[in-house]
Amino acid sequence: MARIAPISPETLEEAAALLRAGELIAFPTETVYGLGADATHDAAVARIFEAKDRPRFNPLIVHVADTATARSLAVFDDRADLLAARFWPGPLSLVLPRAAGCKLSRLVSAGLETVALRVPAREDARLLLRQAGVPVAAPSANRSGRLSPTEAKHVAAELGDRVALILDGGPCAVGLESTVVDLSGEAPALLRAGGAVAEEIESELGESLVDPMADPMGDGATRSPGMLEVHYAPSIPLRMDAISAAAGEALLGFGPAPDAALNLSERGDLVEAAANLFRHLHALDGGEFAGIAVMRIPNEGLGRAINDRL
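What this report covers is the structure whose coordinates are included nearby. Worth saying up front: this structure is predicted, and the values here are computed from it rather than measured.

Reading guide: rules and limits
- Residues numbered from 1 in each chain as written.
- Predicted model: local features only at pLDDT ≥ 70, side-chain atom pairs only at ≥ 80, totals over all residues.
- Heavy atoms only, no water.
- Buried < 20%, exposed > 50% of the residue type's maximum accessible area, 1.4 Å probe, protein only.
- Helix = DSSP H or I, 4+ residues; strand = E, 2+ residues; numbered from the N terminus.
- Pairing = 2+ DSSP bridges.
- Contact = heavy atoms within 4.5 Å.
- Salt bridge = Lys/Arg side-chain N within 4 Å of Asp/Glu carboxyl O.
- Polar contact = N/O pair within 3.5 Å; in protein donor to acceptor, adjacent residues only side chain to side chain.
- Axes fitted to C-alpha atoms, helices over the stretch in contact; angles between N-to-C directions.

Looking now at the pairing of strand β5 (residues 92-97). Counting buried residues along β5, five of its six residues qualify, which places the element largely inside the surrounding structure. For β5 and strand β9 (residues 179-182), the ladder comprises four bridges, and the chain directions are parallel. When the sheet's bridge partners are listed, Val95 is paired in β9 with Asp182. Bridge count between β5 and strand β6 (residues 114-118): four bridges; the pairing is antiparallel. If you follow Leu94 over to β6, its bridge partner there is Leu117.

Here we come to the environment of Ile25. Following the sequence through the fold, Ile25 ends up in strand β2 (residues 25-28). Taking the C-alpha atoms as reference, Ile25 lies 29 Å from Arg86; in sequence the two are 61 residues apart. Excluding residues that lie within four positions of it along the chain, Ile25 makes contacts with Ala15, Leu18, Leu19, Gly34, Leu35, Gly36, Leu128 and Leu165.

The full count for this structure, using the stated rule, is 17 salt bridges. The salt bridge partner of Glu13 is Arg20, with a shortest N-O separation of 3.1 Å. For Arg20, a relative accessible area of 40% corresponds to the partly exposed category. Ionic pairing is found between Glu272 and Arg267, a salt bridge with its closest N-O pair at 3.2 Å. You can call Glu272 partly exposed: its relative accessible area is 28%. The network of salt bridges with shared partners includes Asp53, Arg143 and Arg162.

A separate point is the side chain of Asp285. Tracing the backbone shows Asp285 in the loop between α8 (270-284) and β14 (291-295). There is a polar contact of 2.7 Å between the side chain of Asp285 and the side chain of Ser235.

The next subject is the sheet that holds strand β1 (residues 3-6). Read from one edge of the open sheet, ten strands run β1-β8-β2-β3-β7-β4-β6-β5-β9-β10, paired in mixed fashion. Taken across any chain shown, the strands that pair with only one partner, and hence form the sheet edges, are β1 and β10 (189-192). Strands β5 and β9 of the sheet are contacted by helix α4 (residues 78-87), whose axis makes an angle of about 160 degrees with β5. Contacting β1, β2, β3 (33-38) and β8 (165-168), helix α6 (residues 152-159) runs over the sheet at an angle of about 160 degrees to β8.

Turning next to unusual backbone geometry. Backbone torsion omega between Trp88 and Pro89 reads -5 degrees, so that peptide bond is classified as cis. The residue Pro89 is located in the loop between α4 and β5 in this model. Positive phi, close to 55 degrees, is recorded for Asp53, a residue that is not glycine. Within the secondary structure, Asp53 is located in the loop between α2 (42-52) and β4 (61-63). Phi is positive for Asp241, which is not a glycine, with a value near 55 degrees. Among the secondary structure elements, Asp241 is positioned in strand β11 (residues 238-242). According to the relative accessible area criterion, Asp241 is exposed, its value standing at 51%.

Following this line, the structure appears as C-alpha cells:
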C-alpha cells in the first residue's frame, strides 16, 4: 500500500522529487485527487494508463502552476484569454492547439494536435507544480470507470501500491471534476460539465457552448478529446499483427525485430511501447513509406490500450 502523508513543506518537496524522477504520485486539487506524472516524460505518462487500467488512450488534462506556463504549451486566442483571466486558478480545463515545439508527451494528447490545460485553485497543488518544475498530467486518481476520489483514503483503496506517494490534503472542496471546454475549433464546445458553471462560461464568451455529441461529425462540431472513435489516424494505411513489412511499408516493431524501421520496445515492454506509440507513428507517417506494418502487440495490460488506439 502506498504511503499516505499529510501535506507539509517536506512532503511537497518529496512529491516534487518523485515527479521529476518519473514516478506517480497522488495529490489533491479543489476538484478531485489527481494521479500525477511528469507530462513531458513519455514513460511516466504511460504508467498513468497502466495504473488506472485505462483501456484506451484518451487525452489527459495537464496541470500547470500559472497561465504563463500554459501559454508556453498551447496557443491562446482571445476566448482562451478571457476564460483564463476569469476562471483560473479554478475548476476549468481548456482544450487548445499545442504550441510549436511543445515539449509535452504525445501520449497526454492521445496523438491529437491539442492539449487540455488547467491551473488548479488549491495553493498547495500549485506549490507542488512550481517545486516539481514540470507540467503534470493528472487524471482522477482511481481505476478507470470507478468513482473519482475526493479523499486520500479513496486513492489508497483504488490504487494501492501503484503510486509512490499519496499527499493527504483532506476532502476536496469542489468534489467534482473540472469543466472541460474545447477552444480548438471555430465554435467553443462543452466536452464535460463540472466544477465551473457552463452558463457563466457562456456569459463570459458571449456565445453558447456547442454540444459535440449532438452531431459529432457535423460542420459545427469540433474535433474533441474522447468524443470520436478515431483520434489520431496516420495518413497512410496501417496493418496490424504483421510479421514483416511488404514493399513500401515501414515495419513498426515490438520485441526483437532487426528489420524494423522503428521499434516500440525491443525488449517487449508494454510501458515502453505505450510511451513510444504516438511519437513513432508521427515519425513514420507522411514520409517515404506507403504504409505502416505493426508487429503483434499482446492484448493484455497496456497492450489492450495500444491495440485499441491502433
